[in-house]
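Geometric and topological summary
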Amino acid sequence: FFFSSRRRHTRCSGVSWARRCVQETALESNENMNLVYSGARDGRIKIWSLRNQNKVCCISDLNEHSSSINCITKLQDNFENMFASASSDKTIKIWRPSEESFSVSYTHLTLPTIYSVQIS
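Here goes a summary of the coordinates provided. None of the values given here were measured: they were computed from a predicted structure.

Considering the overall build of the protein chain
If you tally the helices and strands in the protein chain, you get zero helices and 10 strands. For the protein chain, the proportion of its 120 residues judged to be buried stands at 45%. In the form shown here, the protein chain has an accessible surface area of approximately 7400 Å², with 45% of it arising from carbon and sulfur atoms.

As structure tokens, then:
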């Protein structure tokens with residue numbers, strides 16, 4: 001499996017890919033490798049489903065950050081599919097699955113820009 005940062009790239013390793021690719025700045029996956037979380041320079045986070053080996057589908061497009069995503073970190077096993085994102089907008093957000101998408105459950109404002117988050 002391969003992620004490209006080239007805008008015109010429309011295929012990944014022989015698998016159909018999103019038509020509009022932006023430069024990805026952060027990637028994370030869940031333990032089962034059936035979800036991939038990607039963050040981009042435009043502040044968007046996308047959740048990709050890898051359940052079908054032949055197709056990659058965007059199941060959620062989240063736009064809660066106002067600047068580049070610097071880091072996405074999966075929370076520990078007991079927080080199923082929850083993750084944290086850090087952005088150049090100087091916020092850290094904790095995301096949880098909701099019925100149809102993901103929603104922000106907590107936002108923390110920081111003074112410096114955060115480039116890495118580790119949650120234990």
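What to know about the side chain of Asn 70
Along the chain, Asn 70 falls in strand E7 (residues 69-74). A residue is classified by how much of its surface remains accessible, and Asn 70, at 17% relative accessible area, is buried. Here the side chain of Asn 70 touches Ser 88 through a polar contact of 3.2 Å, side chain to side chain. Excluding residues within four positions of it along the chain, Asn 70 makes contact with Thr 25, Ala 26, Ala 86, Ser 87, Ser 88, Thr 113, Ile 114 and Tyr 115.

Looking at the nonpolar core
Listed in full, the 11 residues of the largest apolar core are Ala 26, Leu 35, Tyr 37, Ile 45, Ile 47, Leu 62, Ile 69, Ile 72, Phe 83, Trp 95 and Phe 102. Of all the elements in the fold, those that place two or more residues in this core are strand E4 (35-40), strand E5 (45-49) and E7. Counting nine residues, the second-largest nonpolar core is a separate cluster that includes Leu 75, Ala 86, Ile 114 and Val 117.

Things to note about the pattern of salt bridges
In total, this model carries two salt bridges according to the counting rule given. Across the pair Arg 44 and Asp 42 runs a salt bridge whose closest N-O atoms are separated by 4.0 Å. Relative accessible area serves as the criterion here: at 26%, Arg 44 is assigned to the partly exposed category. Here Asp 61 ties to Arg 44 by a salt bridge, and the two come within 3.2 Å at their closest N and O atoms. Of this pair, Asp 61 sits in strand E6 (residues 57-62) while Arg 44 sits in the loop between E4 and E5; the two residues are 17 residues apart in sequence, bridging distant segments of the chain.

Regarding the side chain of His 65
Of note, His 65 is situated in the loop between E6 and E7. There is a polar contact of 2.7 Å between the side chain of His 65 and the side chain of Ser 85. Side-chain polar atoms of His 65 contact the side chain of Asp 89, separated by 3.2 Å. If near-sequence neighbours (up to four positions away) are discounted, His 65 is found in contact with Gly 43, Ile 45, Ser 85, Ser 87, Asp 89, Thr 91, Lys 93 and Trp 95.

Overview of the pairing of E5
Taken across its five residues, E5 has five buried, putting it largely inside the fold. Burial along E5 is two-sided: the residues Ile 45, Ile 47 and Ser 49 and Lys 46 and Trp 48 are all buried. Here E4 folds back onto E5, and the loop between the two strands holds four residues, one of which, Gly 43, carries a positive phi near 90°. As paired elements, E5 and E6 share five bridges and run antiparallel to each other. Note on E6: the bridge partner recorded for Ser 49 is Cys 57.

Cut-offs used in this document
- Residues numbered from 1 in each chain as written.
- Predicted model: local features only at pLDDT ≥ 70, side-chain atom pairs only at ≥ 80, totals over all residues.
- Heavy atoms only, no water.
- Helix = DSSP H or I, 4+ residues; strand = E, 2+ residues; numbered from the N terminus.
- Buried < 20%, exposed > 50% of the residue type's maximum accessible area, 1.4 Å probe, protein only.
- Areas by Shrake-Rupley, 256 points an atom, 1.4 Å probe, with all protein chains shown as cover.
- Polar contact = N/O pair within 3.5 Å; in protein donor to acceptor, adjacent residues only side chain to side chain.
- Contact = heavy atoms within 4.5 Å.
- Core = buried A, V, L, I, M, F, W, Y, C linked by side-chain atoms within 4.5 Å.
- Salt bridge = Lys/Arg side-chain N within 4 Å of Asp/Glu carboxyl O.
- Pairing = 2+ DSSP bridges.

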